[in-house]
Amino acid sequence: FPLKRRMQMSWTEIGAIGELIGAIGLFISISFVAYEMKLKRGDEQAREYESLRLKAIELNFATTQSPVLSDTLSKWWQQTDGMWGEIRAGINKETIDKLFQPEEKTMMKHYWQSWVLWLDLALAKEERHSYDSSNNRKGFSNIIEYARIFGVMDNGNLDRLSKQFN
């Protein structure tokens, strides 16, 4: 009666262990690739958000370089509940015609057109899940209202904005 038995493994058993080790390695590799893709996606979202912020900064910087536009915007902000606030009651296109000179209205139309295009860009990025506009909805609605009162939305075909803000 031998107390020790000699263990022998067949080539099939050795192959099965090799396959198990290979499967574990494959799982680890796939997990690593998935993790890297998640990191890359987060980086892309940050870049998308940064590009939107840069566009907004450029628009605001242009305002600071133009005293006439700055003065016109100051006049406009007096018609709202503060900067980016809701338009005060009684302000409509007729009121705008009385408050602003034709040159000022044209300037404001171009200014709000730029913001509407920026907003359309932001919503396009949101559709790709690279930007979250949920915290800015009220401000976005106000931009649309400002644009409407200056006639920006009269001829525009901005389906994305129409779906979101009508």
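Here the structure is shown first, and the text comes after it.
In this report, we go over the structure that sits alongside the text.

The rules behind the values
- Residues numbered from 1 in each chain as written.
- Predicted model: local features only at pLDDT ≥ 70, side-chain atom pairs only at ≥ 80, totals over all residues.
- Heavy atoms only, no water.
- Helix = DSSP H or I, 4+ residues; strand = E, 2+ residues; numbered from the N terminus.
- Contact = heavy atoms within 4.5 Å.
- Buried < 20%, exposed > 50% of the residue type's maximum accessible area, 1.4 Å probe, protein only.
- Arc of directions from axis to C-beta.
- Patch = residues over 30% accessible without salt bridge, like charges linked within 9 Å, V, L, I, M, F, W, Y side chains within 5 Å.
- Areas by Shrake-Rupley, 256 points an atom, 1.4 Å probe, with all protein chains shown as cover.
- Salt bridge = Lys/Arg side-chain N within 4 Å of Asp/Glu carboxyl O.
- Polar contact = N/O pair within 3.5 Å; in protein donor to acceptor, adjacent residues only side chain to side chain.
- Axes fitted to C-alpha atoms, helices over the stretch in contact; angles between N-to-C directions.
- Parallel < 35°, antiparallel > 145°, perpendicular 65-115°, else oblique.
- Left-handed = near helix turned anticlockwise from the far one by under 90°.
- Nonpolar A, V, L, I, M, F, W, Y, C, P; charged D, E, K, R; others polar.
- Core = buried A, V, L, I, M, F, W, Y, C linked by side-chain atoms within 4.5 Å.

**Thoughts on the environment of His 129**
Here His 129 is to be found in the loop between α4 (102-127) and α5 (137-149). Spatially, the C-alpha atoms of His 129 and Glu 48 are 9.9 Å apart, while their sequence positions differ by 81 residues. If sequence neighbours within four positions are ignored, His 129 has contacts with Arg 41 and Gln 45.

**A closer look at helix α2 (residues 67-77)**
Where α2 is concerned, the buried positions are Leu 69, Thr 72, Leu 73, Trp 76 and Trp 77. Looking straight down α2, one finds that the buried residues subtend no more than 140° of arc, so they occupy a single side. Those residues of α2 that are exposed and aimed more than 90 degrees away from the buried face are Pro 67 and Asp 71. Those residues of α2 that are buried are in contact with α1 (11-65), α3 (93-99), α4 and α5.

**Section: a nonpolar patch on the surface**
Taken together, the side chains of Met 9, Trp 11, Ile 14, Ile 17 and Ile 21 present a nonpolar region at the surface, about 590 Å² in accessible area. Mapped onto the elements of the fold, Met 9 is located in the segment before α1.

**Considering the side chain of Glu 104**
Tracing the chain through its elements places Glu 104 in helix α4. By relative accessible area, Glu 104 is classed as buried at 15%. Within the local environment of Glu 104, its side chain forms a polar contact with the backbone nitrogen of Gln 101, the two atoms lying 2.8 Å apart. If near-sequence neighbours (up to four positions away) are discounted, Glu 104 is found in contact with Thr 72, Lys 75 and Leu 99.

**Quick look at the packing of α4 against α5**
Contact geometry for α4 and α5: axes closest at 9 Å, N-to-C directions at 140°. One element, α4, and the other, α5, form an angle in the oblique class. Crossing hand, α4 versus α5: left-handed. Touching Trp 112, Trp 115, Val 116, Trp 118, Leu 119, Leu 123 and Glu 126 of α4 are Arg 137, Phe 140, Ile 143, Ile 144, Tyr 146 and Ala 147, all from α5. Residues belonging to the contact of α4 with α5 are distributed by class as follows: eleven nonpolar, no polar and two charged.

**Focus on the nonpolar core**
Formed by 30 residues in total, the largest nonpolar core has its most connected members in Trp 76, Trp 112, Trp 115, Trp 118 and Phe 150. Only α1, α2, α4 and α5 provide two or more residues apiece to this core. Ranked by residues supplied to this core, first place goes to α4 with nine residues. In contact with Trp 76, other than residues within four places in its own chain, are Ile 87, Ile 91, Ile 96, Phe 100, Met 108, Trp 112, Tyr 146, Ile 149 and Phe 150.

**Observations regarding the packing of α1 against α4**
One way to put it is that α1 packs onto α4 with a least axis distance of 10 Å and a crossing angle of 175°. Relative to α4, the element α1 is oriented roughly antiparallel. From α1, Glu 48, Ser 51, Leu 52, Lys 55, Ala 56, Leu 59, Asn 60 and Thr 63 reach across to α4, where they touch Tyr 111, Ser 114, Trp 115, Trp 118, Leu 121, Ala 122 and Lys 125. Broken down by class, the residue content of the contact of α1 with α4 amounts to eight nonpolar, four polar and three charged.

**Some thoughts on the pattern of salt bridges**
Pairing between side chains of opposite charge can happen when their charged atoms approach one another. Taken as a whole and judged by the stated rule, the model has five salt bridges. The closest approach of N and O atoms between Glu 104 and Lys 75, which form a salt bridge, is 2.9 Å. One end of the pair, Glu 104, is in helix α4; the other, Lys 75, is in helix α2, and 29 residues separate them in sequence. The partner of Lys 138 in a salt bridge is Glu 86, with the nearest N and O atoms 2.8 Å apart. With Lys 138 in helix α5 and Glu 86 in the loop between α2 and α3, this pair connects stretches of sequence that are 52 residues apart.

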